[in-house]
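Structural overview for review
Given next are the chains, with one letter for each unit.
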Amino acid sequence: MAKKTATATESNQSTKSASTSGRSASSHQSDAQPEPKDVFAQAKLCKLSTAQSGEITRSVATWMVKTMQPFSSVKDPTFKAMLHALQPKYQVPDSKTFRDQIIPTWYAFECQQLKESLKKAEYVALTCDGWTSRNTEPYLTITAHFFDDWELKSKVLTTATMSGSHTGENLCSEISSHLKDWDISTKCVAITTDNASNIVSAIDLSEELEIRIPCFAHTIALATHCKKTDEAMSRCR
């Protein structure tokens, strides 16, 4: 009888040991973590929504505008590779789409927003300058300065190529045209320009602009190159 009891006890212990061993092995197997490369391989990309795609395209357009990149920059293989690494599901629009659709549409929207802000402004001050690009094309830039909810804003209204001779009459006509386009002809209280004779003449001829403020920096620059200034400075030395 004692022998049977001992045999039963040993059997129960063996069964418990095997069961415990099995649970332990199972526990170890569940705690085992897959290799990182396996996790990456098993990850499923969610479908890119229209909103997500639009946000990325807007970011690309912003980068293009703010850093003055050519439209062809989206064709660059390394640029495409970077976008693919960041979001493999995203397909960047071609340069023609940016040139003919995305940038013009965005520009039209921003112009409308600016017109609304200028409409609320009581007074507008301007700065104006003519300059020449690296490929010798003449441009005229006009910037508006105004308060919007007590916050001073400075916005470029236009940077336009100048056709024909740069006489006072032509400059006056060009400036007047842009002021009418932005509907601020009756709101301009003053304009700051350099001391070039043609721009001085243009403001004198203008019906919308009465007060011209000479650019202080340009005036100082002219003064430093004046013969009388050199004579005065030599005496001071």
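Up top you'll find the structure we're talking about.
What comes next concerns the included structure. These numbers were taken from a predicted model, which means no experiment stands behind them.

Reading guide: rules and limits
- Residues numbered from 1 in each chain as written.
- Predicted model: local features only at pLDDT ≥ 70, side-chain atom pairs only at ≥ 80, totals over all residues.
- Heavy atoms only, no water.
- Helix = DSSP H or I, 4+ residues; strand = E, 2+ residues; numbered from the N terminus.
- Contact = heavy atoms within 4.5 Å.
- Areas by Shrake-Rupley, 256 points an atom, 1.4 Å probe, with all protein chains shown as cover.
- Salt bridge = Lys/Arg side-chain N within 4 Å of Asp/Glu carboxyl O.
- Buried < 20%, exposed > 50% of the residue type's maximum accessible area, 1.4 Å probe, protein only.
- Pairing = 2+ DSSP bridges.

Some words on the overall build of the protein
A count of helices and strands for the protein gives nine helices and five strands. In sequence order, the protein lays out its α and β elements as α-α-α-α-α-β-β-β-α-β-α-β-α-α. Considering only contacts within the protein whose residues lie at least 6 apart along the sequence, 47% involve residues at least 24 apart. Per element, the accessible surface of the protein, about 17300 Å² overall, is 56% carbon and sulfur.

Quick look at the pattern of salt bridges
Tallied over the entire structure, the rule returns five salt bridges. The closest approach of N and O atoms between lysine 96 and aspartate 100, which form a salt bridge, is 3.1 Å. With a gap of four residues between them, lysine 96 and aspartate 100 both fall in helix α5 (residues 95-120), about one helical turn apart. Taking relative accessible area as the criterion, aspartate 100 reaches 36% and is therefore assigned partly exposed. Each of Lys96, Arg99 and Asp100 takes part in salt bridges that share partners, so that together they form one network.

Things to note about the pairing of strand β3 (residues 151-161)
As judged from the 10 bridges shared by strand β2 (residues 138-148) and β3, these two strands associate in the antiparallel manner. If you follow alanine 144 over to β3, its bridge partner there is lysine 155.

Observations concerning the environment of leucine 114
Counting through the fold element by element, leucine 114 comes out in helix α5. If we skip the residues at most four places from it in the chain, leucine 114 touches Phe146, Lys155, Val156, Leu157 and Trp182.

Thoughts on the pairing of β2
Among the 11 residues that make up β2, eight are buried, leaving the element largely enclosed by the rest of the structure. By the bridge criterion, eight bridges tie strand β1 (residues 124-132) to β2 in an arrangement that is antiparallel. Looking at β2, one finds that alanine 125 is bridged to histidine 145. Following β1, the chain reverses through five residues before pairing antiparallel with β2; threonine 136 in that reversal takes a positive phi of roughly 60°. What sits between β2 and β3 in their antiparallel hairpin is a turn of two residues, with aspartate 149 showing a positive phi close to 55°.

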